[in-house]
Amino acid sequence: FLLINMFYLNQISKKFEFPYKIYNTDAEFVNRVKKTWDNTQGNIGVLLNGTKGTGKTVTAKQICNNLNLPVILITIPYKGIPNFINDIQQDVIIFVDEFEKTYSDRDHSVLSIMDGALDNGFRKTFLLTTNELYINENMIQRPGRIRYLKTYKDLSIEVINEIVDDKLKYTGLKAVSSKKVFEEIMV
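Heads up: these notes are all about the structure in this document. It should be emphasised that the depicted structure is a prediction, and the values quoted were computed from it without experimental measurement.

1. Focus: the pairing of strand β5 (residues 92-96)
Then comes step 1: Of all five residues that make up β5, five are buried, and the element is covered over most of its length.
Then comes step 2: The side-chain alternation of β5 yields two buried faces, one formed by V92, I94 and V96 and the other by I93 and F95.
Then comes step 3: Where the polypeptide runs from strand β4 (residues 71-73) across helix α3 (residues 81-87) and back to β5, its parallel neighbour, the crossover connection is right-handed.

Structure representation (C-alpha cells):
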C-alpha cells in the first residue's frame, strides 16, 4: 500500500470484474472516453447521471478497465482529498459512485483538483455517477471539469425482455404478464 498525507491506498484488484451478464452496455461511449484520454492533455471528467439500475456504475467500471489506470474510489468526503490526489505521482482515475451522496452541493473541495488549479503534471480522469443531477453547477461549466455528461433513462423494452428471458424461472408467465401490461397501457 501507499501512504500519502495520512491517507493510504490499498490495491483491491487489477481491474473491475463482472461475474454476471452485463445488459445495456455502451461500448461506443466507453471507447469515446478512451479516445479522448489518448488524444488530449489535462484532466477529463465524466458524469453519468440518471435512473437507478440503468448501468451508470457498470459503465464507469468499464471506462476504468478500458483506460487501464489505477482507480481511487472515494466513498466519503475526506478532508484534504484534493491535496492527497495532487500528491499522487502518476496518472489515475478518481471514481466517486453516487457523488451526490458523498459530496453536498456546497462542497467545492474537488473543484480545484478537477480543473488543474492544483497540477502536479500527472493527469486524472474523474468518473462521477449520480442518481439525480445534484451536483455543483461549477463542475459542469468547464471542459476541464466535466467533459462528458451522459444521462441514463429507463431501460429499453429490448433490454427488459432480455433480462426477463434470462431470469424468469417460469417462462410461461412472460406471455401472461406481457399481455396484462399491454392491456393496462392501452386503457
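What follows continues from the structure just given.
2. Regarding helix α1 (residues 27-39)
Then comes step 1: Between the first and last C-alpha of α1 there are 18 Å, a value that for 13 residues agrees with the 18 Å anticipated at 1.5 Å per step.
Then comes step 2: Among the residues of α1, F29, V30, V33, T36 and W37 are the ones counted as buried. Seen from one end, α1 has its buried residues packed into an arc of 125°, which puts them on one side. Seen from the open side of α1, the exposed residues pointing more than 90 degrees away from its buried face are E28, K35 and N39.
Then comes step 3: Looking at the buried residues of α1, the elements they touch are β3 (44-50), α2 (56-67), β6 (124-130) and β7 (148-152).

3. Concerning the nonpolar core
A general trend in soluble globular proteins is that nonpolar side chains are found buried together.
Then comes step 1: Of all hydrophobic cores here, the largest spans 17 residues; its most connected members are F29, V33, V46, I63 and L127.
Then comes step 2: Elements with a contribution of two residues or more to this core: α1, β3, α2, β5 and β7.
Then comes step 3: With residues up to four places along the chain from it excluded, the contact list for L127 reads V46, A60, I63, C64, I93, I94, F95 and V96.
Then comes step 4: Membership of the second largest hydrophobic core comes to 16 residues, among which are I85, F99, Y103 and M114.

4. Things to note about the side chain of K124
Then comes step 1: Positionally, K124 belongs in strand β6.
Then comes step 2: For K124, a relative accessible area of 1% puts it in the buried group.
Then comes step 3: Looking at K124, its side chain comes within polar contact range of the main-chain oxygen of F122, at 2.9 Å.

5. A few points about the sheet that holds β4
Then comes step 1: Taken in spatial order, the five strands line up as β4-β5-β6-β3-β7 in an open sheet, and their pairing is parallel. The open sheet has two free edges, formed respectively by β4 and β7, since each of these has just one partner strand. Each adjacent strand pair in this sheet contributes to an overall mean axis angle of 15°, direction not counted.
Then comes step 2: The pairing of β3 with β6 spans six bridges and is parallel. Bridged to L48 within β6 is T129.
Then comes step 3: Against the sheet, α1 touches β3, β6 and β7, its axis set at about 160° to β3.

Rules of the game
- Residues numbered from 1 in each chain as written.
- Predicted model: local features only at pLDDT ≥ 70, side-chain atom pairs only at ≥ 80, totals over all residues.
- Heavy atoms only, no water.
- Buried < 20%, exposed > 50% of the residue type's maximum accessible area, 1.4 Å probe, protein only.
- Helix = DSSP H or I, 4+ residues; strand = E, 2+ residues; numbered from the N terminus.
- Right-handed = clockwise from strand over helix to strand, strands pointing away.
- Expected span 1.5 Å × (residues − 1).
- Arc of directions from axis to C-beta.
- Contact = heavy atoms within 4.5 Å.
- Core = buried A, V, L, I, M, F, W, Y, C linked by side-chain atoms within 4.5 Å.
- Polar contact = N/O pair within 3.5 Å; in protein donor to acceptor, adjacent residues only side chain to side chain.
- Pairing = 2+ DSSP bridges.
- Axes fitted to C-alpha atoms, helices over the stretch in contact; angles between N-to-C directions.

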